[in-house]
Amino acid sequence: MSFFGFGQSAEINVELSDAEKRKQVDVRNEEGKKEKLFLYYDGETVSGKVHVLLKPGKKLDHMGIRVEFIGQIELFYDRGNHHEFTSVVKELAGPGELAKNCVYPFEFLHVEKPHESYTGANVQLRYFIRVTVVKRLSDIVKEMDVAVHTLSSFPEINNSIKMEVGIEDCLHIEFEYNKSKYHLRDVIVGKIYFLLVRIKIKHMELAIIKRETTGSGPANTYNENETIAKYEIMDGAPVRGESIPIRLFLSGYDLTPTMREVCRKFSTRYYLNLVLVDEEERRYFKQQEITLWRKGDLRSIRKERRELAALQSKDRPAPDTPSEKMARDDAAEQKEKEEAATAAGAGDDDL
């Protein structure tokens, strides 16, 4: 809003060049509501057009127009300080006057997007396109958020998790999970084996806990735990030698990849929490950290690469046939002979 209550003299719209074909994903915003954003990956080009629309009968004096692509981390308890880890600026127009609607194309070629978009309890990592029309009193600013996913390949080492825990002379159990690293649509498979049971267990459950850590240093570190899923794996008292299978599908839950020390601002880790409750409501639990990663859709990635290769081949000139190459070489040789003859004739005149 401008001063004196007259409002802004122009409206800015951002149009992405491939908006019709680009995939959209649901991203949770600061208020906890989900909104659809266009999806990008690291290294992808971000391009489009900026539309500056004037109000009827109005002109716009400006000190310049620019567009930026920004990756930013914001801590909710320290909103005055934004950490920008990616920032690219393009100047669209120099100072001047607009008398009609204008369109400015822009392109951020292979722009770096190293981290995944994330909104948590105390922190937000976002990418956005910002257009600024610089004015004397108050700038006209338009921001458009986009989503970024980071893809990973299958881990080379993915050991299983196997541990023995218990209470001396009361409870001794062995639990095993098939691996320690899972992609976001994976299945956790495991088993619980009871070696010694001398307390009356009422039920047992497995929970996925997300732990968000923000800040740095002992005095400025905040931990926020959120239970993402809770899965009852046993109801009733087990006996010695009994084995309880575990099968937990991750695709139905709102999960993100594990994020460790992102720009030294925050981390997001996931834990499997095994909880046993006895008849006196006493709880016995054991936590084990797991690593989550995002697996790319190979079919979609291959299709996109084929389409990109097809577009690039259209821009590339077609290779010469053998006959065309011979004709071109003959023409070049004839031209060299003519230039040599001309040079010789000019030398005779000089003598």
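If you're wondering where the values come from, they're calculated on a predicted model, not measured in any experiment. (Residues numbered from 1 in each chain as written. Predicted model: local features only at pLDDT ≥ 70, side-chain atom pairs only at ≥ 80, totals over all residues. Heavy atoms only, no water.)

## Focus: the overall build of the chain
Then step 1. Each helix and strand in the chain was counted, giving two helices and 22 strands.
Then step 2. Taken over 351 residues, the chain has a buried fraction of 40%.
Then step 3. Partitioning the intrachain contacts of the chain with sequence separation of at least 6 by distance along the chain shows that 67% fall at a separation of at least 24.
Then step 4. Accessible area of the chain: about 21700 Å², with a carbon and sulfur share of 48%. (Helix = DSSP H or I, 4+ residues; strand = E, 2+ residues; numbered from the N terminus. Buried < 20%, exposed > 50% of the residue type's maximum accessible area, 1.4 Å probe, protein only. Contact = heavy atoms within 4.5 Å. Areas by Shrake-Rupley, 256 points an atom, 1.4 Å probe, with all protein chains shown as cover.)

## Brief notes about the pairing of strand 13 (residues 161–167)
Then step 1. As paired elements, strand 13 and strand 14 (residues 171–177) share seven bridges and run antiparallel to each other. Pairing of Lys162 across the sheet is with Glu176, part of strand 14.
Then step 2. Here strand 13 hands over to strand 14 after three residues, with Asp169 in that stretch at a positive phi of 65°. (Pairing = 2+ DSSP bridges.)

## Thoughts on the pattern of salt bridges
Then step 1. Under the counting rule described, the total for this entry stands at 17 salt bridges.
Then step 2. The partner of Arg294 in a salt bridge is Glu116, and the shortest N-O contact between them spans 2.4 Å. On the criterion of sequence distance, the pair formed by Arg294 in the loop between strand 22 (283–293) and helix 1 (298–315) and Glu116 in the loop between strand 9 (102–108) and strand 10 (118–119) is long-range, its members being 178 residues apart. One exposure class covers both Arg294 and Glu116, and it is buried.
Then step 3. Here the salt bridges share partners, and the residues they tie into one network are Arg66, Glu68, Arg126, Arg130, Glu143 and Asp145. (Salt bridge = Lys/Arg side-chain N within 4 Å of Asp/Glu carboxyl O.)

## Re the packing of aromatic side chains
Then step 1. In total, this model carries eight aromatic pairs according to the counting rule given.
Then step 2. Ring geometry for Phe85 against Tyr127: centres 5.5 Å apart, planes inclined by 85°, an arrangement best described as edge-to-face. Residue Phe85 is located in strand 7 (residues 82–93), and its partner Tyr127 is located in strand 11 (residues 123–133); the two are separated by 42 residues in the primary sequence. For the pair formed by Phe85 and Tyr127, the shared burial category is buried.
Then step 3. Centroid distance Phe106 to Phe108: 5.8 Å. Interplanar angle 55°. Geometry classified as tilted. Each member of the pair, Phe106 together with Phe108, is buried.
Then step 4. Following the ring pairs from residue to residue traces out a cluster consisting of Phe69, Phe85, Phe106, Phe108 and Tyr127.
Then step 5. It is Arg126 that lies over the ring of Phe128; its NZ or CZ is 3.9 Å from the centre. (Phe/Tyr/Trp six-rings, centres within 6.5 Å; stacked < 30°, edge-to-face > 60°. Lys NZ or Arg CZ within 6 Å of the ring centre and 35° of its normal.)

## A word on the sheet that holds strand 16 (residues 187–197)
Then step 1. The strand order 13-14-16-19 describes an open sheet built from four strands, whose pairing is antiparallel. One side of each edge strand has no neighbouring strand; the edge strands of this open sheet are strand 13 and strand 19 (243–249). The average undirected angle you get between the axes of adjacent strands in this sheet is 20°.
Then step 2. Taken together, the seven bridges between strand 16 and strand 19 define a ladder with antiparallel strand orientation. Following the sheet pairing, Gly190 is matched in strand 19 by Ile246. (Axes fitted to C-alpha atoms, helices over the stretch in contact; angles between N-to-C directions.)

## Here we look at unusual backbone geometry
Then step 1. The phi dihedral of His110 falls on the positive side, at around 50°, and the residue is not glycine.
Then step 2. Of note in the backbone geometry, Cys263 takes a positive phi value of approximately 50° without being a glycine.
Then step 3. Locating Cys263 in the fold gives a position in the loop between strand 20 (259–262) and strand 21 (266–278).
Then step 4. Residue classification places Cys263 among the partly exposed residues on the basis of a relative accessible area of 26%.

## Description of the sheet that holds strand 1 (residues 10–16)
Adjacent strands of a sheet form backbone hydrogen bonds with each other and so pair up, either parallel or antiparallel.
Then step 1. Pairing in this open sheet of three strands is antiparallel, and the strands run 1-4-9 from one edge to the other. Among the strands making up the open sheet, the edge pair consists of strand 1 and strand 9. The mean angle between the axes of side-by-side strands here comes to 20°, regardless of whether they run parallel or antiparallel.

## Some details on the pairing of strand 22
Then step 1. Across three bridges, strand 15 (residues 181–183) lies against strand 22 in parallel orientation. Pairing of His183 across the sheet is with Trp293, part of strand 22.
Then step 2. The pairing of strand 21 with strand 22 spans eight bridges and is classified as antiparallel. In the strand pairing of strand 22, Tyr271 is matched with Glu289.
Then step 3. Here strand 21 hands over to strand 22 after four residues, with Glu281 in that stretch at a positive phi of 65°.

## Concerning the environment of Ile246
Then step 1. With respect to the helices and strands, the residue Ile246 is situated in strand 19.
Then step 2. Note on Ile246: relative accessible area 2%, which makes it buried.
Then step 3. Spatially, the C-alpha atoms of Ile246 and Leu206 are 8.7 Å apart, while their sequence positions differ by 40 residues.
Then step 4. Aside from chain neighbours lying at most four places away, what touches Ile246 is Tyr177, Ile188, Val189, Gly190, Lys191, Ile192, Leu206 and Ile233.

## Focus on the confidence of the model for the chain
Detailed reading of the predicted coordinates is not advisable wherever pLDDT is low.
Then step 1. Per-residue pLDDT for the chain averages 84, and the proportion of residues at 70 or more is 82%.
Then step 2. Confidence drops under pLDDT 50 across residues 1–6; counting only partners more than four residues distant or on other chains, this segment forms ten contacts.
Then step 3. For the stretch residues 346–351, pLDDT sits under 50, and the model shows zero contacts to residues farther than four places along the chain or on other chains. (pLDDT = per-residue confidence, 0-100.)

## Looking at the side chain of Thr291
Then step 1. Following the sequence through the fold, Thr291 ends up in strand 22.
Then step 2. Of note is the side chain of Thr291, whose polar atom sits 3.2 Å from the side chain of Arg260.
Then step 3. If near-sequence neighbours (up to four positions away) are discounted, Thr291 is found in contact with Ser180, Lys181, Tyr182, Thr258 and Arg260. (Polar contact = N/O pair within 3.5 Å; in protein donor to acceptor, adjacent residues only side chain to side chain.)

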